[in-house]
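What the coordinates show
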Amino acid sequence: MKKNIVIFWLGQFGYAMMKHLDRNIDYNLYNLVGFEESEEITKSLQKTKKHPFWFVDSGISENVKIASSSNEALENVSILVLAVPSNFLLWIIPDLEKNIQNEIIILNLAKWLSPTWEPFSVEFAKIRLPFPYNFWVLCWWNMAKDLFYGEKLGATIAFEDKESLKTIKLIFE
């Protein structure tokens with residue numbers, strides 16, 4: 001069965017990551033799903049496969065599904081890519097608690113440190129989410145334009161669980 005990769009929020013950086021994955025993942029192994037809080041952005045992506053504000057000269061493929069709600073997006077998620085601005089990251093916890101039951105990989109694209117100066121992995125651990133997860137952090141310079149257009153970029157991925165390394169390598173190698 002295919003694994004669902006969900007990009008949660010599709011601002012500039014989330015949309016660029018979606019385009020990157022759309023270009024690079026094996027659609028025989030994965031489904032790619034996007035979710036955005038803004039109804040305007042959601043409708044534009046569903047109808048035209050283009051973001052109304054970012055990189056308007058190019059869009060995503062028909063392979064990408066744009067969910068109409070967080071419930072729909074998080075259904076059967078295997079890999080959750082959080083492209084939520086760091087000041088809203090803890091705000092989405094109720095959506096996660098309500099919609100996820102299976103074990104997942106969470107890949108955080110937001111800033112590494114929370115407003116309390118603790119890593120977001122520590123903040124998430126304090127909350128004690130009701131499902132098992134592995135928390136990964138992807139750190140790089142915020143070059144959404146370069147990522148969107150397929151330029152070579154360097155990145156650091158930090159993690160604790162080596163079991164999910166195969167999955168992450170398949171997606172980002």
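On a predicted model such as this, the values are computed, not experimentally measured, just so you know.

This paragraph deals with the pairing of strand β1 (residues 3-8). With respect to burial, β1 is a largely interior element, 5 of its 6 residues being buried. Inspection of the sheet shows β1 paired to strand β2 (residues 30-35) by 6 bridges, in the parallel sense. If you follow F8 over to β2, its bridge partner there is F35. The handedness of the β1 to β2 crossover, carried by helix α1 (residues 12-24), is right-handed.

With 31 residues, the main nonpolar core has I5, I7 and L32 as its most contacted residues. Per-element tally for this core: the top contributor is α1, with 6 residues. Sequence-distant contacts of I7, defined by excluding residues within four places in its chain, comprise G14, M17, M18, L21, L32, V33, G34, F35, V81 and A83. Of all hydrophobic cores here, the second largest spans 26 residues; its members include V77, I93, A110 and F131.

Of the residues in the chain, 87% reach a pLDDT of 70 or more, and the chain-wide mean stands at 85. Across the chain, the element-wise mean pLDDT spans from 66 in strand β7 (residues 156-158) up to 98 in strand β3 (residues 65-66).

Before going further, it helps to spend a moment on helix α5 (residues 120-127). Buried residues of α5: F120, E123 and F124, and no others. Buried residues along α5 cover an arc of 95° about the axis, so they all sit on one side. Phi turns positive, to about 60°, at R128, one or two residues after α5.

The next thing to look at is unusual backbone geometry. With a phi angle near 50°, F55 is a residue other than glycine that sits in the positive phi range. Tracing the sequence through the fold places F55 in the loop between α2 (39-48) and β3. Positive phi, close to 60°, is recorded for N76, a residue that is not glycine. Of note, N76 is situated in the loop between α3 (70-74) and β4 (77-82). Look at N76 and you get partly exposed, because its relative accessible area is 49%.

This part covers α2. Those residues of α2 that fall on the buried side of the exposure criterion are I41, T42, S44 and L45. Within α2, the buried residues cover an arc of 165° as seen down the axis, which keeps them to one side. Among the exposed residues of α2, those oriented more than 90 degrees off its buried face are E39 and K47. Against the buried residues of α2 lie α1 and β3.

Definitions and limits used
Residues numbered from 1 in each chain as written. Predicted model: local features only at pLDDT ≥ 70, side-chain atom pairs only at ≥ 80, totals over all residues. Heavy atoms only, no water. Buried < 20%, exposed > 50% of the residue type's maximum accessible area, 1.4 Å probe, protein only. Helix = DSSP H or I, 4+ residues; strand = E, 2+ residues; numbered from the N terminus. Pairing = 2+ DSSP bridges. Right-handed = clockwise from strand over helix to strand, strands pointing away. Core = buried A, V, L, I, M, F, W, Y, C linked by side-chain atoms within 4.5 Å. Contact = heavy atoms within 4.5 Å. pLDDT = per-residue confidence, 0-100. Arc of directions from axis to C-beta.

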